[in-house]
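Report on the structure
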Amino acid sequence: MPMQAYQTWSVQSRPDTLVRSVCEKVGCPQWRNGWESVIDESTELGRSQALFIRRAGRTFREQRNGAGLTVFRFESGQRCFAEHRTRPELYLVRGGDYRGTVGRVRVHQNPADWVEHVQQHMAGLLDERDKG
């Protein structure tokens with residue numbers, strides 16, 4: 001068949017671009033499992049870190065360990081303190097196949113729209129096949 005009869009679906013990312021991203025999207029283990037921060041509040045740095053944690057808006061339990069250090073225990077499902085970076089993905093649909101692009105390239109804004117478009121397209125192909 002001619003390449004005009006095809007559509008190509010792809011997910012691409014630009015290797016030269018990094019953007020800030022949320023813990024959930026990058027698979028952050030602290031977000032998934034929770035974490036502990038052990039702080040020595042007898043030092044100026046420790047007092048500063050503890051104050052930052054207490055004001056950061058995260059949910060935690062605070063206790064002292066046997067060594068007199070403050071242990072902050074954070075539950076899973078909340079943003080950690082790291083700044084994550086990831087490569088943004090492009091969800092593309094283009095006319096044509098491996099031989100070339102025909103017509104416009106559509107860039108979906110999010111993966112759910114791209115998946116829905118794929119499903120609609122596949123349903124149309126199956127309907128055509130069933131018609132004979």
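Details of the structure are given in the entry above.
All of the points below concern the structure found in this document.

About the criteria used
Residues numbered from 1 in each chain as written. Predicted model: local features only at pLDDT ≥ 70, side-chain atom pairs only at ≥ 80, totals over all residues. Heavy atoms only, no water. Salt bridge = Lys/Arg side-chain N within 4 Å of Asp/Glu carboxyl O. Helix = DSSP H or I, 4+ residues; strand = E, 2+ residues; numbered from the N terminus. Buried < 20%, exposed > 50% of the residue type's maximum accessible area, 1.4 Å probe, protein only. Contact = heavy atoms within 4.5 Å. Expected span 1.5 Å × (residues − 1). Polar contact = N/O pair within 3.5 Å; in protein donor to acceptor, adjacent residues only side chain to side chain. Core = buried A, V, L, I, M, F, W, Y, C linked by side-chain atoms within 4.5 Å. Pairing = 2+ DSSP bridges. Axes fitted to C-alpha atoms, helices over the stretch in contact; angles between N-to-C directions. Phe/Tyr/Trp six-rings, centres within 6.5 Å; stacked < 30°, edge-to-face > 60°.

1. Observations regarding the pattern of salt bridges
- Taken as a whole and judged by the stated rule, the model has 10 salt bridges.
- The shortest N-O distance in the salt bridge between R54 and E41 comes to 3.0 Å. Of the two residues, R54 sits in helix α3 (residues 44–55) while E41 sits in the loop between β3 (35–39) and α3, which places them 13 residues apart along the sequence.
- Judged by its relative accessible area of 37%, R54 is partly exposed.

2. Re the side chain of S21
- Relative to the elements of secondary structure, S21 occurs in strand β2 (residues 19–21).
- With a relative accessible area of 16%, S21 lands in the buried category.
- Excluding its chain neighbours within four sequence positions, the residues that come into contact with S21 are V26, H84 and T86.

3. Some details on helix α4 (residues 111–131)
- The end-to-end C-alpha separation of α4 is 30 Å, in line with the 30 Å expected for 21 residues at 1.5 Å each.
- One side-chain oxygen at the N-terminal end of α4 lies 3.1 Å from the backbone nitrogen of A112; it belongs to N110.
- Directly beyond the C-terminal end of α4, a positive phi value near 105° is found at G132.

4. Concerning the nonpolar core
- Grouped together as the largest cluster of nonpolar side chains are 9 residues: C23, C28, W35, I39, A50, I53, F72, F74 and C80.
- Elements represented by at least two residues in this core include exactly β3, α3 and β5 (70–74).

5. What to know about the pairing of strand β7 (residues 89–97)
- Sheet analysis places strand β1 (residues 7–13) next to β7, joined by 7 bridges and oriented antiparallel. The residue of β7 that forms the bridge with V11 is Y91.
- Where β7 and strand β8 (residues 100–108) come together, 6 bridges link them in antiparallel fashion. In the strand pairing of β8, L92 is matched with V107.
- Counted between consecutive antiparallel strands, the loop separating β7 from β8 contains 2 residues.

6. Examining the environment of C23
- Inspection of the secondary structure puts C23 in helix α1 (residues 23–26).
- A relative accessible area of 2% places C23 in the buried class.
- Between the alpha carbons of C23 and T101 there is a distance of 36 Å; along the sequence they are 78 residues apart.
- Setting aside residues up to four positions removed in sequence, C23 forms contacts with C28, W31, R79, C80 and H84.

7. Quick word on the sheet that holds β1
- The strand order across the open sheet built from 3 strands is β1-β7-β8, with neighbouring strands paired in antiparallel fashion. The sheet terminates laterally at β1 and β8, the two strands that pair on one side only. Each strand of the sheet is rotated relative to its neighbour by a mean of 25°, with strand direction disregarded.

8. Focus on the packing of aromatic side chains
- Summed over all chains, the structure comprises 7 aromatic pairs.
- Pairing F52 with F81 gives two aromatic rings, centres 5.5 Å apart and planes at 55°, and the pair type is tilted. Of this pair, F52 sits in helix α3 while F81 sits in the loop between β5 and β6 (84–86); the two residues are 29 residues apart in sequence, bridging distant segments of the chain.
- For F52, a relative accessible area of 52% translates into the label exposed.

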